[in-house]
Amino acid sequence: MAVLNEEQTMLRDMAREWADNESPVSAFRRMRNAAPAEGYDSAAWAEMAQMGWAGVVVPEAYGGSDFGYLSLGLVLEQLGRNLAASPLAATAAAATAIAMGGSDAAKAQWLPKIASGEIVATLAIDEGPHHDPVRIAATVSGGKLTGTKEFVAEGDSAALFVVAAADGLYLVSGEEGVSRSARHMADSRSHAQVTFEAAPAERLGGTDLTGKVIDRATAALCAEMLGMAEQAFATTNDYLKTRVQFGQQLSSFQALQHRMAKMFTELELMRSAVEGALEAIDANRSDVDQAVSLAKAIASDTLNLVSREMIQLHGGIGMTDEHDAGFYIKRARVLETMWGNAAYHRERFARLNGY
């Protein structure tokens, strides 16, 4: 477990309190039923921005707090516990791309707006059903970008896109040359197909920057997955301690104890890997790519296990829409595939280590 400083502890506790009081799972259910076009509660997002969360990874010179990725992960973990829908992860990744990019003008223009929550930004990378950053067909000619990106998170509401082209990352703002088509997925969140037709684009950096930004977006995603897995486990554990079957509490059956013990140990490993990746990013270590792939592979496997067990150990009620278990498994399946599934990252980790 990561050792937190005083500011990080306060940030984590504040995020946990806000999520429990202002954005419980029932709030996600209401959002799901209302189905806003942006895929999240805009009022809740405004509150998050007021608390400074939108600027956690934005440099202080541009209105952020520059607390780093471990701090961002602490917030995303607490939001993930309650499935709080927000564009925080996507916007943070886009902000990182701008901050790490080579355009001082873009930094001055966009980072203050991101830090204040004035705009939502996102990454537009993949062009097919599976994560494959090597196969990018989008091109830029004369400062105009053309290409189609699939399943862009927060693509329905984003005002700013960090787009991967064959030769690197570009910044696309405004609606000129940009069209969107919503993609309705199991998790009831925003995923859009975004088409760029000669959209004005500003270069941020080459393909090396693309890889670094994807790693940071992946690590942030893992933090949300950690929060989801922790809460799914806790909810299941509480149920087993209160549900009586055959005259006994379910938690008294040894077979179920073994299954819970298995999940507990996997969760401890998941936390170690995810926090290790976030700390590697903040320390700018040379093995960030390896740490992130290790975290995503473990996070995907563990969340898959815990979300399935949540359904099974709750029995029939876990299969109904009235219970929250279904929300966790649906979001889990989407996050498992985003930025590469477990198989992709195991293969990448092996390749990075020379195998």
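Now, about the sheet that holds strand E7 (residues 191-200): what can you tell me, with residues and values included?
Spatially, E2-E3-E7-E6 is the arrangement adopted by the 4 strands of the open sheet, whose pairing is antiparallel. Taken across any chain shown, the strands that pair with only one partner, and hence form the sheet edges, are strand E2 (139-141) and strand E6 (178-182). Pairs of neighbouring strands in the sheet enclose a mean axial angle of 15 degrees, with direction left out of account. With 7 bridges joining them, strand E3 (residues 144-153) and E7 adopt antiparallel strand pairing. Paired with Gly147 across the two strands is Phe196, which belongs to E7.

Could you give an account of the pattern of salt bridges, with specific residues and numbers?
Applying the stated rule across the entire model yields 23 salt bridges. With its nearest N and O atoms 2.6 Å apart, the salt bridge here joins Asp187 to Arg331. Note that Asp187 is positioned in the loop between E6 and E7 and Arg331 in helix H10 (residues 325-337), a separation of 144 residues in sequence. Here the two residues Asp187 and Arg331 agree in accessibility, since each one is buried. In this structure, Arg348 engages Asp215 in a salt bridge whose closest nitrogen and oxygen atoms are separated by 3.1 Å. One end of the pair, Arg348, is in helix H11 (residues 342-352); the other, Asp215, is in helix H7 (residues 207-242), and 133 residues separate them in sequence. In this structure Asp215 comes out as buried when scored by relative accessible area, which is 7%.

Describe the packing of aromatic side chains, listing the residues and the values that go with them.
To describe a pair of aromatic rings, you give the distance between the ring centres and the angle between the ring planes. According to the stated counting rule, one finds 4 aromatic pairs in the structure shown. With a centroid separation of 5.7 Å and 85 degrees between ring planes, the pair formed by Trp18 and Trp53 is classed as edge-to-face. In this pair, Trp18 sits in helix H1 (residues 6-22) while Trp53 sits in the loop between helix H3 (42-50) and helix H4 (69-81), placing the two residues 35 residues apart along the sequence. Residue class for Trp53 comes out buried when judged on its relative accessible area of 1%. Aromatic side chains Phe161 and Phe196 sit 5.6 Å apart centroid to centroid with 85 degrees between the ring planes, which places their arrangement in the edge-to-face category. With Phe161 in strand E4 (residues 160-165) and Phe196 in strand E7, this pair connects stretches of sequence that are 35 residues apart.

Cut-offs used in this document
- Residues numbered from 1 in each chain as written.
- Predicted model: local features only at pLDDT ≥ 70, side-chain atom pairs only at ≥ 80, totals over all residues.
- Heavy atoms only, no water.
- Pairing = 2+ DSSP bridges.
- Helix = DSSP H or I, 4+ residues; strand = E, 2+ residues; numbered from the N terminus.
- Axes fitted to C-alpha atoms, helices over the stretch in contact; angles between N-to-C directions.
- Salt bridge = Lys/Arg side-chain N within 4 Å of Asp/Glu carboxyl O.
- Buried < 20%, exposed > 50% of the residue type's maximum accessible area, 1.4 Å probe, protein only.
- Phe/Tyr/Trp six-rings, centres within 6.5 Å; stacked < 30°, edge-to-face > 60°.

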